[in-house]
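An overview of the molecular structure
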Amino acid sequence: MLLLPQIRFFLLQNRQGKTRLSKWYIPPPTNSSGATTTEAEKVRIEAEVHRLVTARDKKYTNFIEYNSYKLIYRRYAGLFFTIAVDMQDNELSYLETIHLFVELLDAYFSNVCELDIVFHFNKVYSMLDEFMMAGEIQETSKREILDRVKFLDKME
């Protein structure tokens, strides 16, 4: 059986720990007693991921083994972009994935900043959905993704 690379979640957080974008493709495991809900577990994981990536020294790689998966992150200005993937996945391809998403944001918003993401979160989510779906990368052409998002803008 062939296992395709699977993205577990994609996070965009600022330096203060505010999650600006959170897209979960695989729900987090909850304990069997049902003491924690899925949403509470997501919040806990997001806080722990933020603590791990912000405290990490720049001399180390941008890859962290966390639970049963791997965190790949990259910092752009005051924002941390983090993808959680399976252990056997290629880290460098996901660093490029993060970079392409930042380029998409920058091209759409022309010099993107955190406020663009906060005030136009629906556009950011639709752009992410054109790029990734169900935990897999769907399209890698920047022009194609931006054309689709602009077409959706015209339909509104």
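The grouping of Phe151, Leu152 and Met155 at the surface amounts to a nonpolar patch, some 320 Å² of accessible area in total. Structurally, Met155 is set in helix H5 (residues 142-155). Taking the relative accessible area as the measure of exposure, Met155 reaches 57% and is therefore exposed.

Our focus in this paragraph is the nonpolar core. Core analysis: the biggest nonpolar cluster contains 30 residues, and Phe10, Phe81, Ile83, Phe101, Leu104, Leu105 and Met132 have the highest contact counts within it. Counting residues per element, the ones that place at least two in this core are strand E1 (7-14), strand E4 (69-76), strand E5 (79-86), helix H2 (91-109), helix H4 (121-131) and H5. Broken down by element, the residue count for this core peaks at ten residues, all from H2. Counting 13 residues, the second largest nonpolar core, distinct from the first, contains Phe9, Trp24, Val53 and Leu71.

Moving on: the sheet that holds E1. Overall, antiparallel pairing links the five strands, which are arranged E2-E1-E5-E4-E3 in an open sheet. Edge strands, defined here as strands with exactly one partner in the open sheet, are strand E2 (19-24) and strand E3 (63-66). Adjacent strand axes in the sheet meet at a mean angle of 20° when their direction is disregarded. Here E1 runs beside E2; their pairing, made up of five bridges, is antiparallel.

On to the packing of H2 against H4. The contact between H2 and H4 brings their axes to 11 Å, and the two run at 135°. With respect to their mutual orientation, H2 and H4 come out oblique. Of the two possible hands of crossing, H2 and H4 adopt the one that is right-handed. Every residue of H4 that contacts H2 at Thr97, Leu100, Phe101, Leu104, Leu105, Tyr108 and Phe109 is listed here: Lys123, Val124, Met127, Leu128 and Phe131. Looking at the contact of H2 with H4 residue by residue, the classes come out as ten nonpolar, one polar and one charged.

Reading the values: rules and limits
- Residues numbered from 1 in each chain as written.
- Predicted model: local features only at pLDDT ≥ 70, side-chain atom pairs only at ≥ 80, totals over all residues.
- Heavy atoms only, no water.
- Patch = residues over 30% accessible without salt bridge, like charges linked within 9 Å, V, L, I, M, F, W, Y side chains within 5 Å.
- Areas by Shrake-Rupley, 256 points an atom, 1.4 Å probe, with all protein chains shown as cover.
- Salt bridge = Lys/Arg side-chain N within 4 Å of Asp/Glu carboxyl O.
- Helix = DSSP H or I, 4+ residues; strand = E, 2+ residues; numbered from the N terminus.
- Buried < 20%, exposed > 50% of the residue type's maximum accessible area, 1.4 Å probe, protein only.
- Core = buried A, V, L, I, M, F, W, Y, C linked by side-chain atoms within 4.5 Å.
- Pairing = 2+ DSSP bridges.
- Axes fitted to C-alpha atoms, helices over the stretch in contact; angles between N-to-C directions.
- Parallel < 35°, antiparallel > 145°, perpendicular 65-115°, else oblique.
- Left-handed = near helix turned anticlockwise from the far one by under 90°.
- Contact = heavy atoms within 4.5 Å.
- Nonpolar A, V, L, I, M, F, W, Y, C, P; charged D, E, K, R; others polar.

Treat this as a map of the structure, not an account of what it does.
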